[in-house]
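Descriptive structure summary
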Amino acid sequence: MTKIALITGANKGIGLEIARGLARDGITVLLGARDDGRGEAAAKQLRDEGLDTRFLRVDVTDAGVVAQAAHTIEAEYGRLDILVNNAGISRPDGVRAVMDPATWRPSGASVDARRDVFAVNVFGIVTVTNAMLPLLRRADAARIVNVTSEVGSFAVALDESSPYWGMISLAYPVSKTAANMVTAQYAKELWNTPIKVNAVCPGYTATDLNEHTGFKAPAEGARIAVRMAQIGADGPTGGFFNESGPLPW
Ligand code: NAP
């Protein structure tokens with residue numbers, strides 16, 4: 001039976017490549033995007049490559065839209081095999097300079113801006129996962145992959161030799177730490193079920209998120225999510241991985 005996957009934030013960047021990678025593996029991909037025009041265009045791009053993909057409107061900050069997406073999946077497929085929570089932002093729209101000390105350091109307080117980042121990167125995962133869980137439970141062995149980041153790792157953040165030592169921000173890294181714990185908590189709740197829940201880090205990837213300063217191509221960044229979305233029954237749950245293997249929390 002063909003697997004059904006939903007990827008959030010899949011109209012560009014790493015999410016689009018996760019969609020392409022899963023579709024190339026023969027999976028029916030529901031390409032989640034918050035904007036109809038951008039989502040339709042991305043889905044058409046993959047369909048033009050002969051891939052089985054359709055756009056589904058998913059704004060992860062809008063519980064009503066997410067509920068409608070779940071309703072559509074239930075009506076048309078009856079289940080969901082793979083959920084990739086990929087949508088993420090590093091700063092509220094229109095605010096540049098991720099690492100501008102004045103804006104992002106703990107001492108440069110703008111709680112509202114941080115709330116916006118948390119709304120997508122943390123609570124977005126919860127909203128989408130909870131809406132999709134009834135459908136994931138109906139699959140034989142569903143997989144949930146949360147795209148977080150090693151900048152949310154305590155071990156990495158506090159390592160002076162890490163390339164991320166200079167990243168001092170209360171928004172993005174803190175949201176990814178929270179997303180990692182969200183992953184762990186879902187894994188625990190679903191421990192004795194066939195559903196596996198893991199977090200992945202794509203690595204520093206050239207996308208709009210970092211104004212294309214990353215050194216990996218989006219297709220490379222997508223690889224770990226594509227792999228973890230398809231792990232077998234002997235695979236891990238409650239873990240955090242990049243392409244090289246397990247990461248420290
Ligand atoms: P990107 O190119 O900026 O893509 C982000 C995606 O998230 C876009 O499709 C965007 O949609 C979507 N999005 C934003 N807010 C949304 C919302 N409220 N509802 C639904 N979708 C929303 O960035 P990316 O680098 O591919 O990031 C993908 C994931 O990888 C993120 O979780 C990011 O934190 C993570 N990550 C990236 C890197 C990196 O180096 N790039 C490293 C580690 C982790 P719009 O086009 O409509 O804005």
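Summarised in this report is the structure supplied together with it. Small disclaimer: the values here were computed from a predicted structure and weren't measured.

Take the side chain of Ser153 next. With respect to the element layout, Ser153 can be found in the loop between strand E5 (143-147) and helix H7 (154-157). The residues touching Ser153, leaving out its near neighbours within four places in the chain, are Phe240, Pro248 and Trp249.

With that out of the way, let us pick up a nonpolar patch on the surface. Among the surface-exposed residues, Phe154, Leu158 and Trp165 lie close enough to one another that they form a single nonpolar patch of about 380 Å² accessible area. Considering the arrangement of structural elements, one finds Trp165 in the loop between H7 and helix H8 (172-189). Under the relative-accessibility criterion, Trp165 is labelled partly exposed at 38%.

Let us look at the layout of surface pockets. Taken as a whole, the second largest pocket holds about 310 Å³ of empty space. Counting only elements with at least two residues in the lining of the second largest pocket, the list comes to H7 and H8. At 3 residues, H8 tops the list of elements feeding residues into the lining of the second largest pocket. Taken together, the residues of the lining of the second largest pocket sort by class into 11 nonpolar, 4 polar and no charged.

Take the pattern of salt bridges next. Using the criterion set out here, one finds 10 salt bridges in the structure. Arg138 is the salt-bridge partner of Glu74, the closest N and O atoms lying 2.8 Å from each other. In this pair, Glu74 sits in helix H3 (residues 63-76) while Arg138 sits in helix H6 (residues 123-138), placing the two residues 64 residues apart along the sequence. Among the salt bridges present, the one from Arg79 reaches Asp81, with a minimum N-O distance of 3.0 Å. Comparing Arg79 with Asp81, the two get one shared label, buried.

Once that is clear, we can look at the site of the ligand. For the ligand, the set of nearby residues contains 29 residues, the closest of which are Asn11, Arg34, Asn86, Tyr172 and Thr207. In the environment of the ligand, an oxygen atom lies 3.1 Å from a nitrogen or oxygen atom belonging to the backbone of Gly9. Starting from 900 Å² of accessible surface for the ligand in isolation, the protein chains cover 95%. Of the residues contributing to the shell around the ligand, the split by class is 11 nonpolar, 12 polar and 6 charged.

Reading the values: the criteria
Along every chain, residues carry numbers that run from 1 in the direction the sequence is written. At least 70 in pLDDT is required for a residue's local features to be given in this predicted model, at least 80 for side-chain atom pairs to be given and counted, and no such filter applies to totals for whole chains, interfaces and linings, which use all residues. Working from all heavy atoms in the structure, the side-chain values ignore hydrogens and water. Secondary structure is summarised from DSSP: a helix means a run of H or I of at least four residues, a strand means a run of E of at least two, and numbering begins at the N terminus for each. We call two residues in contact whenever any of their non-hydrogen atoms come within 4.5 Å of each other. Residues forming no salt bridge and having over 30% relative accessible area are the ones grouped into patches, like charges within 9 Å of each other and nonpolar side chains (Val, Leu, Ile, Met, Phe, Trp, Tyr) within 5 Å. Shrake-Rupley sampling with a 1.4 Å probe provides the accessible areas, and residues are treated as covered by the protein chains on show and by no other component. Salt bridge, as used here, is a side-chain nitrogen of Lys or Arg placed within 4 Å of a carboxyl oxygen of Asp or Glu. Residue exposure (1.4 Å probe, protein chains only): buried if accessible area is under 20% of the type maximum, exposed if over 50%, otherwise partly exposed. Detection works on a 1 Å grid of protein atoms alone, calling trapped sets that fit a 1.4 Å probe cavities and calling open sets with protein on both sides within 12 Å along at least five of seven lines pockets, with lining residues defined by an atom within 4 Å of a point. Grid points are joined across faces, edges and corners, and a volume is the space filled by probe spheres set on the points. All residues other than Ala, Val, Leu, Ile, Met, Phe, Trp, Tyr, Cys, Pro, Asp, Glu, Lys and Arg, Gly among them, are scored as polar; the first ten of these are nonpolar and the last four charged. Near is defined per residue: the residue qualifies when any heavy atom it owns lies within 4 Å of the molecule or strand. By the criterion applied in these results, polar contacts are pairs of N or O atoms within 3.5 Å in which, for protein atoms, one can donate a hydrogen and the other can accept it, and in which residues neighboring in sequence qualify only through two side-chain atoms.

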